[in-house]
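Observations on the three-dimensional arrangement
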Amino acid sequence: MTVLSLALREGTAEAHTLAEHTAFMKCFVRGLITPSLFRQFLANLYFVYTALEAALASATSDRLGAMYFPELNRSGQLAEDLAFYYGDNWRDQITPLTATRVYLSRIHDLAQSNPLLLIAHSYTRYMGDLSGGQALSKIVRSQLALPEGKGTAFYEFPALPTPEDKKAFKQRYRETLDSLGLDEDAIARIVKEANFAFALNCNLMHALEPELKTTIGDQVWQSVVIENQPSRREHPRPAAVAV
Ligand code: HEM
C-alpha cells in the first residue's frame with residue numbers, strides 16, 4: 001500500500017532538485033539576491049499564500065480540514081516583511097507577476113473543483129519553508145545586512161520556534177497525511193499536483209530571473225547558472241490559464 005508522505009517525497013524528488021537549481025535559487029544561496037528582488041519574491045508569495053490559506057481555511061471536507069494548520073500560515077508573516085521593505089502603503093505597490101497569476105488561478109480552480117488536491121500545494125510550500133527555507137533565511141539576513149528581527153518574518157514560525165519544534169511538526173504533518181486514508185488513485189493525483197506546484201514555483205522564480213541577470217551581470221550569471229547543472233529537463237509548463 002502506498003504511503004502518501006513517502007509518495008510525495010519520492011515522487012517530487014526530481015522536481016525538488018530542479019527547484020533548487022533554478023538560477024534564482026542558485027543566486028539566492030550564493031548571496032547574490034538584492035533587496036529589490038527579495039521583496040518582489042516575497043510580494044508574489046504573499047499573493048500565493050493568501051489564496052492558499054483562504055482556500056484551506058474554508059475547507060468543507062474533513063480530509064482537507066485535517067490538513068489545515070493555522071500555525072503554518074505565512075500571509076501575516078509576509079505582510080510584516082512587506083511593510084518593512086515597501087513601507088506602510090505596501091499593498092498599493094505590489095502586483096502579482098503573470099506566473100503568479102497562473103499559480104493563483106490553479107489554487108482558485110482547485111478550491112472550486114477539486115479541493116483535496118490543495119494538499120499538494122500545502123505540502124510543496126509549507127514543508128519547504130520548514131526545511132530549506134530556514135537556511136535561506138540565514139543567507140538573506142547576512143546578504144542584506146538586515147536589522148535584528150526585521151525582514152525575514154516569512155521564514156519564522158512563532159508557534160514552532162526551535163529546529164526541534166519544526167522537525168516534530170514535519171513528522172506530525174507527515175503522519176496526518178498518512179492518516180487520511182486516501183486510495184491509490186487519489187495519492188497519484190496529489191503527487192502529480194505536487195509536481196505541478198513545484199513547476200509553478202519554478203516559473204515564479206524564472207519570472208524574476210531577467211532582473212537578477214541584469215543586476216549581477218552576464219559574467220557572474222553565466223558562472224552561477226552553469227555550475228552543478230542538474231539533468232536539463234524542462235519544467236512541465238503550467239497549462240495556459242486565462243488571467
Ligand atoms: C536552494 C533551495 C532549497 C534548498 C537548499 C532546500 C533544501 C531542503 C532540504 C535540506 C530538505 C529536507 C529536510 C528534511 O528532510 O527534513 C527539503 C525538503 C523539502 N523542500 Fe526544499 N530546498 C530548497 C528549495 C525548495 C523549493 C523552491 C521548494 C518548493 C517550492 C522546496 C520544497 C521542499 C519540500 C516540499 C520538502 C519536504 C520533502 C519531504 O520531506 O517530503 N524546497 N528542502
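Residues numbered from 1 in each chain as written. Predicted model: local features only at pLDDT ≥ 70, side-chain atom pairs only at ≥ 80, totals over all residues. Heavy atoms only, no water.

1. Things to note about the packing of helix α1 (residues 4–11) against helix α10 (residues 163–178)
Look at α1 against α10: their axes get within 7 Å of each other, and the N-to-C directions meet at 110 degrees. The orientation of α1 relative to α10 falls into the category roughly perpendicular. Between α1 and α10, the residues in contact are L4, S5, L8 and R9 and R174, L177 and D178, respectively. Its residues assigned to classes, the contact of α1 with α10 comprises three nonpolar, one polar and three charged. (Axes fitted to C-alpha atoms, helices over the stretch in contact; angles between N-to-C directions. Helix = DSSP H or I, 4+ residues; strand = E, 2+ residues; numbered from the N terminus. Parallel < 35°, antiparallel > 145°, perpendicular 65-115°, else oblique. Contact = heavy atoms within 4.5 Å. Nonpolar A, V, L, I, M, F, W, Y, C, P; charged D, E, K, R; others polar.)

2. Brief notes about helix α8 (residues 118–130)
For α8, which comprises 13 residues, the first-to-last C-alpha distance of 18 Å matches the rise-based estimate of 18 Å (1.5 Å per residue) to within 8%. Of all the positions in α8, only L118, I119, A120, H121, S122, Y123, T124, R125, Y126, M127, D129 and L130 are classed as buried. (Expected span 1.5 Å × (residues − 1). Buried < 20%, exposed > 50% of the residue type's maximum accessible area, 1.4 Å probe, protein only.)

3. Let's talk about the pattern of salt bridges
Considering all chains together, one arrives at four salt bridges under this definition. Across the pair E193 and R106 runs a salt bridge, and its minimum N-O distance is 2.6 Å. Highlighted residues: E193 in helix α11 (residues 184–216) and R106 in helix α7 (residues 98–113), separated in sequence by 87 residues. Between R125 and D129 there is a salt bridge, with its nearest N and O atoms 2.9 Å apart. With R125 and D129 both in helix α8, this residue pair falls four residues apart, about one helical turn. Both residues of the pair, R125 and D129, count as buried. (Salt bridge = Lys/Arg side-chain N within 4 Å of Asp/Glu carboxyl O.)

4. Focus: unusual backbone geometry
Located in the positive-phi region is A145, a residue other than glycine, with phi close to 45 degrees. Within the secondary structure, A145 sits in the loop between α9 (132–143) and α10. With a relative accessible area of 61%, A145 lands in the exposed category.

5. Comments concerning helix α12 (residues 218–226)
For α12, every residue scored as buried is listed here: W221, V224 and V225. Burial along α12 is one-sided: seen end-on, the buried residues are contained in an arc of 95 degrees. Along α12, the residues that are exposed and aim more than 90 degrees away from the buried face are Q219 and I226. Where the residues of α12 are buried, they touch α3 (23–29) and α11. (Arc of directions from axis to C-beta.)

6. Topic: the UniProt feature "binding site: heme b" (unreviewed entry) in the protein chain
The UniProt feature table records "binding site: heme b" (unreviewed entry) at R9, H16, Y123 and R174. As for its placement among the helices and strands, H16 is situated in helix α2 (residues 13–20). The partly exposed category is assigned to H16, whose relative accessible area is 40%. Positionally, Y123 belongs in helix α8. What makes Y123 buried here is its relative accessible area of 12%. Excluding residues that lie within four positions of it along the chain, Y123 makes contacts with L8, R9, T12, G128, Y173, L177 and A194. (UniProt positions renumbered as here; feature names shortened; annotations may be inferred.)

7. Description of the confidence of the model for the protein chain
Put simply, the protein chain has an average pLDDT of 93, and 93% of its residues get 70 or more. Taken as a whole, residues 231–243 scores under 50 in pLDDT and shows 24 contacts with residues more than four places along the chain or in a different chain. (pLDDT = per-residue confidence, 0-100.)

8. With respect to the nonpolar core
Residues F24, F28, F38, F41, L72 and Y173 are the most contacted members of the largest nonpolar core, which totals 75 residues. Among the elements that line this core, the one with the most residues is helix α4 (residues 35–57), at 14 residues. Excluding its chain neighbours within four sequence positions, the residues that come into contact with L72 are E53, Y126, L130, F157, L160, F169 and Y173. (Core = buried A, V, L, I, M, F, W, Y, C linked by side-chain atoms within 4.5 Å.)

9. Quick word on the side chain of E209
Examined against the element boundaries, E209 turns out to sit in helix α11. Within polar-contact distance, the side chain of E209 engages the backbone nitrogen of F24 at 3.0 Å. With residues up to four places along the chain from it excluded, the contact list for E209 reads T22, A23, F24 and W221. (Polar contact = N/O pair within 3.5 Å; in protein donor to acceptor, adjacent residues only side chain to side chain.)

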